[in-house]
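Geometric and topological summary
One-letter residues, chain by chain:
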Amino acid sequence: MEDNNITLHVQNPDGSLTTLEAPVDMGLSLMEYLKACEYDILATCGGMALCATCCVDVLEGEDKLNEMTDDEYAMLDTLPDVLPNSRLACQLQLNPAMDGLVVKLHHAE
């Protein structure tokens with residue numbers, strides 16, 4: 001693994017994990033990276049924390065993430081099925097501390 005990449009794991013609907021190598025030197029958010037990997041993320045607002053269509057559930061590594069902003073908290077609070085470990089992927093800037101993070105796309109059932 002190069003110094004500019006971290007390993008991320010995305011849990012698939014069947015419970016299996018997909019391992020991805022993500023660059024931390026391009027200024028990408030988790031949402032932008034997952035969209036580039038062709039995951040089904042709407043990101044209707046373009047990363048402004050206004051729509052919650054990029055919500056992910058953090059399965060491992062929540063302690064590695066930046067603090068939730070008031071805007072992110074307020075938007076998550078509008079979701080009917082939000083979990084304590086739910087975050088907006090657009091608000092998570094990829095950085096070296098996130099190496100090993102495990103997330104699942106948050107889809108309403």
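Reading guide: rules and limits
- Residues numbered from 1 in each chain as written.
- Predicted model: local features only at pLDDT ≥ 70, side-chain atom pairs only at ≥ 80, totals over all residues.
- Heavy atoms only, no water.
- Helix = DSSP H or I, 4+ residues; strand = E, 2+ residues; numbered from the N terminus.
- Rg over C-alpha atoms; globule rule 2.2 N^0.38 Å.
- Buried < 20%, exposed > 50% of the residue type's maximum accessible area, 1.4 Å probe, protein only.
- Contact = heavy atoms within 4.5 Å.
- Lys, Arg positive; Asp, Glu negative; His and termini not counted.
- Charge placed at Lys NZ, Arg CZ, Asp CG, Glu CD.
- Pairing = 2+ DSSP bridges.

Some thoughts on the overall build of the protein
From N to C terminus, the protein includes two helices and five strands. Ordering the α and β elements of the protein from the N terminus gives β-β-α-β-α-β-β. For 109 residues, the compact-globule estimate of 2.2 N^0.38 gives 13 Å, and the C-alpha radius of gyration of the protein, at 13 Å, lies within 12% of that figure. Its C-alpha atoms give the protein principal-axis dimensions of roughly 40 × 30 × 25 Å. Taken over 109 residues, the protein has a buried fraction of 43%. The contacts in the protein between residues at least 6 apart in sequence include a share of 59% that link residues at least 24 apart. The protein carries 4 positive and 20 negative side-chain charges, and their two centres are separated by 2 Å.

Quick look at the side chain of Asn12
Along the polypeptide, Asn12 turns up in the loop between β1 (5–11) and β2 (17–23). Apart from the residues lying within four places of it in its own chain, the contact partners of Asn12 are Leu17, Thr18 and Tyr39.

Digging into the pairing of β1
Taking burial as the measure, the seven residues of β1 include six buried ones, the bulk of the element. Pairing of β1 with β2, which is carried by seven bridges, proceeds in the antiparallel orientation. Residue pairing for β2: Ile6 is matched across the bridge by Ala22. Linkage of β1 to β2, two consecutive antiparallel strands, is achieved through a turn of five residues, within which Gly15 is found at a positive phi near 95 degrees. In this sheet, strand β5 (residues 102–105) lies alongside β1 in parallel orientation, the contact comprising three bridges. Opposite Val10, over in β5, you have Val103 as the bridge partner.

In short, shape yes, function no, at least from these values alone.
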